[in-house]
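Fold and geometry: a report
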2 protein chains.
Amino acid sequence: MNFPSQLIEQAVNELSRFPGVGKKSALRMVLYLLKQDISSVSRMTHAMEQLRNEIKFCSHCHNVSDKEICSICNNPRRNNEIICVVEDLRDVMAIENTSQFSGLYFVLGGLISPMDGIGPELLNIEHLITRVKEEGTKEVLVALSATMEGDTTTFYLSKKLRDLPVHITTISRGISVGGELEYADEVTLGRSIQNRIPYKG
Amino acid sequence: MNFPSQLIEQAVNELSRFPGVGKKSALRMVLYLLKQDISSVSRMTHAMEQLRNEIKFCSHCHNVSDKEICSICNNPRRNNEIICVVEDLRDVMAIENTSQFSGLYFVLGGLISPMDGIGPELLNIEHLITRVKEEGTKEVLVALSATMEGDTTTFYLSKKLRDLPVHITTISRGISVGGELEYADEVTLGRSIQNRIPYKG
């Protein structure tokens, strides 16, 4: 692309660093910024900088938090015998939205991915092991994506936790609620048959 | 959505003001920001603020520019007898990329849209009329989107320019190059028949 202005080129290059944002979307964002008041643009940039500079991570579960310990870890009504292991805060938000889980979390901050140079040592896994030992956790529910990286990480965690007196579970895979059999992929359908469950009529 | 932190909520709200960015995409952008260095985030916010604060608009064609007069208006090799009227700088960039136009531009900065409260008085149209009169322009090529707003604006411009000794043209509509007839919509196909052109074999 040939830009009519250096300032536009620079802003497009910066904004297209966001995941899922290409040059065309970035240019659309730039046009939006040009139509805003100066105060409105600086409100946006201030929110971005404040986010990066002032955010804290809970020292217990590594989720983002405004305080030293997050509101979930700090809640005495949560069941501290079960820890759900997730990749990032979006997964915590998704699971909290279901209202089906009342235990605590552990946020890895990523998945084991040799291709991206992310080994297990970068994922706070030792802290998880320490927590399981110290808190006498009864169950670790591993809720990671069903991708190669997710499966590798789940396998690694299960190996690390094997010798501890803790139950290791994963979320079930199967046909989504409301989904039709004929449109499901073979692997998912196969797994939903392997992992079939007693019917509670 | 329930956010685990005020800072995250605020940043998601600000970033989702971008066109085409919803809360989920904004949250993805926020996670990206959290993984960046502080210096990398401030490079991005600096580019956004500099863009908004320092951008200039060419006083001749209203396109964005780093100088008082943009590089296209300032180029003595451009044909100043023809003015191409477009909505915004993306259209200028798209037309420049074709290398098929060597005239000058006039950027409206929007389209007439009563629904959004945009009347003709907001679109620099008087300046266009003045330019056509003063520069003795021979042709005004109106290159606006084929939407209701685009057609309304084209009609308004043609009415305003009717009494001046200037040729008014619009870009041709028809089946796109490489397009198949059976997949074209009826209106486009119909127009391509109405506006058929002599075959240059």
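Our subject is the structure that appears above.
Below is a summary of the structure that appears in this document. None of the values given here were measured: they were computed from a predicted structure. Numbering of residues starts from 1 in each chain and follows the order in which that chain's sequence is written. Just so you know, chain letters begin at A and ligand numbers begin at 1, following the order they were written in. Per-residue local features of the predicted model are confined to residues with pLDDT of at least 70, and side-chain atom pairs are confined, for both listing and counting, to 80 or more; whole-chain, interface and lining totals are unaffected and use all residues. Remark: hydrogens and water are excluded; side-chain values derive from all non-hydrogen atoms of the structure.

1. Section: the packing of aromatic side chains
Centre-to-centre distance and the angle between the planes together describe a pair of aromatic rings. Residues and elements named next belong to chain A. We apply this condition: To pair, rings of Phe, Tyr and Trp, with the six-membered ring standing in for Trp, must have centres within 6.5 Å; the planes then decide the type, stacked if under 30 degrees apart, edge-to-face if over 60, and tilted in the middle. Working definition: with a 1.4 Å probe on protein chains only, accessible area under 20% of the residue-type maximum means buried, over 50% means exposed, and in between means partly exposed.
One pass over the full model with this rule turns up 4 aromatic pairs over all chains. Summarising the aromatic geometry, the rings of Phe-101 and Tyr-105 are spaced 5.2 Å apart at their centres and angled 55 degrees between planes, so their arrangement reads as tilted. Both residues of the pair, Phe-101 and Tyr-105, count as buried.

2. Thoughts on the nonpolar core
Nonpolar side chains in soluble globular proteins tend to be buried together. Using the following cut-off: In this text, buried Ala, Val, Leu, Ile, Met, Phe, Trp, Tyr and Cys residues form a nonpolar core when linked through side-chain atoms within 4.5 Å. Helix and strand definitions here come from DSSP, where helices need a minimum of 4 consecutive H or I residues and strands a minimum of 2 consecutive E residues; each element is numbered from the N-terminal end. In this description, contact between two residues means that some pair of their heavy atoms is separated by no more than 4.5 Å.
Among the nonpolar cores identified, the biggest contains 48 residues, and Ile-8, Leu-15 and Phe-18 of chain A together with Ile-8, Leu-15 and Phe-18 of chain B are the most heavily contacted of them. Looking at this core, the elements that each hand over two or more residues are helix H1 (6-15), helix H2 (23-35), helix H3 (38-54) and helix H4 (89-98) of chain A together with helix H1 (6-15), helix H2 (23-35), helix H3 (38-54) and helix H4 (89-98) of chain B. Residues within four places of Leu-15 of chain B in sequence aside, it is in contact with Phe-18, Met-44 and Met-48 of chain A together with Val-21, Ala-26, Met-29, Val-30 and Leu-33 of chain B.

3. Remarks on the interface of chain A and chain B
The cut-off we apply is this: A quick way to say it: buried area is the sum, across both parts, of accessible area lost when two parts are put together, with a 1.4 Å probe. Basic side-chain nitrogens of Lys or Arg form a salt bridge, by our definition, when they fall within 4 Å of a carboxyl oxygen of Asp or Glu. Two N or O atoms count as a polar contact when they lie within 3.5 Å, although within protein this holds only if one can serve as hydrogen donor and the other as acceptor, and sequence-adjacent residues are included solely when both atoms are side-chain atoms. All residues other than Ala, Val, Leu, Ile, Met, Phe, Trp, Tyr, Cys, Pro, Asp, Glu, Lys and Arg, Gly among them, are scored as polar; the first ten of these are nonpolar and the last four charged.
Counting residues at the interface gives 53 residues for chain A, matched by 53 residues for chain B. Taken together, both faces of the contact between chain A and chain B bury some 5,500 Å²; the carbon and sulfur share is 69%. Linking chain A with chain B are 2 salt bridges. We note a salt bridge from Glu-14 of chain A to Arg-43 of chain B, for which the minimum N-O separation is 3.2 Å. Viewed at the interface, chain B and chain A are joined by 16 residue pairs in polar contact (both at pLDDT 80 or more). Those elements giving two or more residues to the side of chain A that touches chain B turn out to be H1, H2, H3, strand E2 (64-65) and H4 of chain A. Ranked by residue count, the leading element in the side of chain A that touches chain B is H3 of chain A, at 15 residues. Here the residues of the side of chain A that touches chain B sort into 26 nonpolar, 15 polar and 12 charged.

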